[in-house]
Amino acid sequence: MSFVYTRTNETCDATSTAAFTAPYMEAYAYVDGLGRARGAIAEGSPTDGLPWILSGFQLFDAKGAVQRAYLASGISSPSAFSATSAPTALYARSAYDAF
C-alpha cells in the first residue's frame, strides 16, 4: 500500500510571508500495488465531530472487480485507516456474472 500526502495552503497571498504559518489542509490518497485507488482521507471539521473524512474506499473480488464501494465516513485520524478492514459506513454492492 502506497500513499500520497498533500498539504495545501487555504489562503493565497503572494505578498505575505505569513503563507508558511497560514492555515493549511492535509489529505492522503492511498493506492495498492496494482495502482488502484483504495481510499482518500481529507481533513474534515473537528467542530462537527468528523476530524477526518474517508472517501473512495473499495473492496475488490478475486477477479479484481469492485465488489463494494463505501460511502464517505468520518474517522478519528489518518492512522485509523486500514486497507484490510472495511469501514462501518454504508456501501453499494456489485455482483457480476461469470463472463
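Relevant structure appears above.
Only a predicted model underlies this, so the values are computations on that prediction, with no experimental measurement involved.

**Q** Before we go on, may I ask you to explain the sheet that holds strand 4 (residues 50-55) in this structure?
**A** Backbone-to-backbone hydrogen bonds pair the strands of a sheet. The strands run either parallel or antiparallel. Taken together, the 5 strands give an open sheet; going across it, the order is 1-2-3-4-7, and neighbouring strands pair in antiparallel fashion. If you trace the sheet from one side to the other, it starts and ends with strand 1 (2-9) and strand 7 (73-75), each paired once. Each neighbouring strand pair of the sheet contributes to a mean axis angle of 25 degrees, computed without reference to strand direction. Note that strand 2 (residues 24-31) and strand 3 (residues 37-45) share 5 bridges and pair antiparallel. Its bridge partner lying in strand 3, Tyr30 is registered against Gly39.

**Q** Please explain the pairing of strand 6 (residues 66-70) as it appears in this structure.
**A** Note on strand geometry: in a regular strand, side chains alternate between the two faces of the sheet. Sheet topology note: the strand 5 (residues 58-60)/strand 6 ladder contains 3 bridges and is antiparallel. Note on strand 6: the bridge partner recorded for Leu59 is Arg68. In sequence, strand 5 turns back onto strand 6 through a hairpin of 5 residues, with Gly64 there showing a positive phi of about 95 degrees. Where strand 6 lies against strand 8 (residues 91-93), 3 bridges are found, and the strand directions are antiparallel. Counted as the bridge partner of Tyr70 is Tyr91 from strand 8.

**Q** What am I meant to see in the pattern of salt bridges here?
**A** Charged atoms that come close allow side chains of opposite charge to pair. Here the structure, examined in full by the defined rule, presents 1 salt bridge. A salt bridge links Asp32 to Arg36; its shortest N-O distance comes to 2.8 Å. Accessibility expressed as a relative area gives 11% for Asp32, which makes it buried.

**Q** How should the packing of aromatic side chains be read in this particular structure?
**A** Each aromatic ring pair is characterised by the separation of its centres together with the angle its planes make. Inspection of every chain in the model, using the stated rule, returns 9 aromatic pairs. Both rings, one in Tyr70 and one in Tyr91, keep their centres 5.2 Å apart while their planes meet at 50 degrees; by these two values the pair is tilted. Taken together, the residues Tyr70 in strand 6 and Tyr91 in strand 8 connect sequence positions 21 residues apart. Assessed through its relative accessible area of 8%, Tyr70 is described here as buried.

Rules behind the numbers
- Residues numbered from 1 in each chain as written.
- Predicted model: local features only at pLDDT ≥ 70, side-chain atom pairs only at ≥ 80, totals over all residues.
- Heavy atoms only, no water.
- Pairing = 2+ DSSP bridges.
- Helix = DSSP H or I, 4+ residues; strand = E, 2+ residues; numbered from the N terminus.
- Axes fitted to C-alpha atoms, helices over the stretch in contact; angles between N-to-C directions.
- Salt bridge = Lys/Arg side-chain N within 4 Å of Asp/Glu carboxyl O.
- Buried < 20%, exposed > 50% of the residue type's maximum accessible area, 1.4 Å probe, protein only.
- Phe/Tyr/Trp six-rings, centres within 6.5 Å; stacked < 30°, edge-to-face > 60°.

Geometry only, nothing functional implied.
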